[in-house]
Amino acid sequence: GTVGSITTNMPRRRQYYTQSQSLHTGGTSASAATILSAERYLQKETDYKNGIIKLNAMTSVLAEVIAISGPVESSLIETNTANGNNSQSTSTSTSSTRNSNQDDVEEFMNEQRRKVKALTERHVNSFRYIDACMAATNSIKADIQQSVAEEQRNRANGNSNRNVNGNNEDDLDVNTEENKLKDYETILQTKVEFQKHEIERNSIAIHNEEMVRSIRNCLNEKTEHIANGRNANADDDDDIEIEMTQPQNEQNASQYKCPLSGQFFKNPHKNKVCKHVYDYDHIKHHLQMKRTCPVMGCSNSNVTMSQLVVDEAMRMRVRRFLKGLERKRKNDVMSQDYDIDDDDDDEGLKEETVIE
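Calculation criteria
- Along every chain, residues carry numbers that run from 1 in the direction the sequence is written.
- Residues qualify for local features only when their pLDDT is at least 70, as the model is predicted, and side-chain atom pairs are given and counted only at 80 or more; totals for whole chains, interfaces and linings, by contrast, use all residues.
- Calculated side-chain values reflect all of the structure's heavy atoms, with hydrogen atoms and water omitted.
- Residue-level confidence of the predictor is what pLDDT reports, using numbers from 0 through 100.
- Contact between two residues is taken to exist if any of their heavy atoms lie within 4.5 Å; hydrogens are not considered.
- Salt bridges are defined as contacts in which a side-chain nitrogen from Lys or Arg sits within 4 Å of a carboxyl oxygen from Asp or Glu.
- Secondary structure counts use DSSP, requiring at least four H or I residues in a row for a helix and at least two E residues in a row for a strand, with both numbered from the N terminus.
- A 1.4 Å probe rolled over the protein chains alone gives each residue an accessible area, and that area as a share of the maximum for its type sets the label: buried under 20%, exposed over 50%, partly exposed in between.
- The way it works is a 1 Å grid over only the protein atoms, where trapped points that fit a 1.4 Å probe form a cavity and open points with protein on both sides within 12 Å along at least five of seven lines form a pocket, and then any residue with an atom within 4 Å of a point lines it.
- Grid points are joined across faces, edges and corners, and a volume is the space filled by probe spheres set on the points.
- Each residue gets one label: Ala, Val, Leu, Ile, Met, Phe, Trp, Tyr, Cys and Pro are nonpolar, Asp, Glu, Lys and Arg are charged, and the others, such as Gly, are polar.
- Counted as a polar contact is a pair of N or O atoms within 3.5 Å, where, for protein atoms, one must be capable of donating a hydrogen and the other of accepting one, and residues adjacent in sequence contribute only when both atoms are in side chains.
- For two strands to be treated as a pair, DSSP must find at least two bridges joining them.
- Here a Phe, Tyr or Trp ring, Trp counted by its six-membered ring, pairs with any other such ring whose centre lies within 6.5 Å, and the pair is stacked when the planes are under 30 degrees apart, edge-to-face when over 60, and tilted otherwise.

Some words on the confidence of the model for the protein
Across the protein, pLDDT averages 75, with 66% of residues at or above 70. For the stretch residues 6-27, pLDDT sits under 50, and the model shows 37 contacts to residues farther than four places along the chain or on other chains. Low pLDDT, under 50, characterises residues 226-249; the predicted model gives this stretch 51 contacts beyond four residues in sequence or across chains.

What about the pattern of salt bridges?
Where charged atoms of side chains with opposite charge meet at close range, the side chains can pair. For the structure on display, the rule yields 18 salt bridges. Close ionic contact of Glu 64 with Arg 317 constitutes a salt bridge, the shortest N to O distance being 2.2 Å. Here Glu 64 is found in helix H4 (residues 45-65), whereas its partner Arg 317 is found in helix H10 (residues 312-355), with 253 residues between them in sequence. Here Glu 64 and Arg 317 have matching classes, each one buried. Between Glu 151 and Arg 155 there is a salt bridge; the shortest N-O distance is 3.0 Å. Separated by 4 residues within a single helix, Glu 151 and Arg 155 lie in helix H6 (residues 91-156), roughly one turn from each other. Given a relative accessible area of 34%, Arg 155 falls into the partly exposed group. In the salt-bridge network here, residues are joined through shared partners; they are Glu 45, Lys 49 and Asp 131.

Re the layout of surface pockets
What the largest pocket holds in volume is close to 1300 Å³. Every residue lining the largest pocket is counted, 39 residues in all, and those nearest its centre are Glu 210, Ser 214, Lys 270, Val 309 and Asp 311. Ranked by residues supplied to the lining of the largest pocket, first place goes to H4 with 7 residues. Looking at the lining of the largest pocket residue by residue, the classes come out as 14 nonpolar, 12 polar and 13 charged.

What to know about the environment of Tyr 278
Within the secondary structure, Tyr 278 is located in strand E4 (residues 277-279). Residues Tyr 278 and Leu 308, 30 residues apart in the sequence, show an inter-C-alpha distance of 9.1 Å. Among residues more than four places away in sequence, those in contact with Tyr 278 are Cys 258, Pro 259, Phe 265, Asn 267, Pro 268, His 269, Asn 271, Ile 283, Cys 293, Pro 294, Val 295 and Leu 308. Of the polar contacts made by the side chain of Tyr 278, one reaches the side chain of Asn 271; its length is 3.3 Å.

Structural notes on the pairing of strand E3 (residues 268-271)
Two faces make up the sheet, and in a regular strand the side chains alternate between them. Bridging between E3 and E4 involves 3 bridges; their strand directions are antiparallel. Within E4, the residue paired with Lys 270 across the bridge is Val 277. What sits between the antiparallel neighbours E3 and E4 is a turn of 5 residues, in which Lys 275 has the positive phi angle 70 degrees. Strand direction decides the pairing type here: E3 and strand E5 (residues 308-310), joined by 3 bridges, are antiparallel. Paired with Asn 271 across the two strands is Leu 308, which belongs to E5.

Details of the packing of aromatic side chains
A full pass over the atoms with the stated rule returns 3 aromatic pairs. Between Tyr 41 and Tyr 48 the ring centres are 5.6 Å apart and the planes differ by 45 degrees, which places this aromatic pair in the tilted class. A relative accessible area of 5% means that Tyr 41 is categorised as buried. A centroid spacing of 4.5 Å and a plane angle of 35 degrees characterise the contact between Tyr 256 and Phe 321, whose relative ring orientation is tilted. A residue pair is termed long-range when its members are at least 10 positions apart, and Tyr 256 in the loop between strand E2 (242-244) and E3 and Phe 321 in helix H10 qualify at 65 residues. Of the two residues, Tyr 256 and Phe 321, neither departs from the other in class, the shared state being buried.

Next up, the structure:
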């Protein structure tokens, strides 16, 4: 789809002759149209990557739900324990069944976590593929621009091909350009594959990518950096140490608040250098006066706006946290109303007893 978006529906020479001449004086329309198509595609790089970032943010929220000792696992274990306690079987049978159910819960949760990590690795590969496509598109754009420039120089020097056989020169140009167009997709695909290989060769192991490490942290796992950090060891699971970490405290609202305003995040942005998160408007105002990170103890003394990226995961966490607070508030109100009704019933019984 990426390659096709550049090469599909490329305009013919006659149809766009006037437009191409106004955009690229002296250049052929097919080449000009291809360059324009490449430029439009290159301009969408941020949109493509933001789409993956949003998907991975949703994956992060899901990872927190199915994390080790997280809400889903805790709920399943609690249900399993309650069912075991309510069983009418013998103590030996009950214990055996409980252990079996515990193993089933653990196996189920581990499988869900593996799926989440695999999904995140696909997100990383999508990022790399986008980078490969962008590099390949830039390359083919440069090649076409160089070809057009050479043709313009040849025309200026009077060395362009002439129609010596009496054929219409315009038709020859159309046929030549259409033959070139047939090769564009193949050339682009070849360049994409080359760029993918180069990115894969020069990138760190996928387990060490920030996106993957972040998901493991959301799952309450901790990963140690692979020794040499190259993809040659990407499949060696023995190089990765995973240890249990403390589950996140859902009641700790401070992690969802801006360190500058003390309010819940509205437009959270993460610092790529020190990993701290701030509300965009507040950090922008802060940097007009200071360059240091506002988080106490942070050593980042040269914070710039270019270090900031939108933190979609934090945005979703805040929304989920606030919804949880609202549900808790409503449940507390309902519980208080229920307690009041019970007190009224008790008072009524006392009155009846006195009357009797």
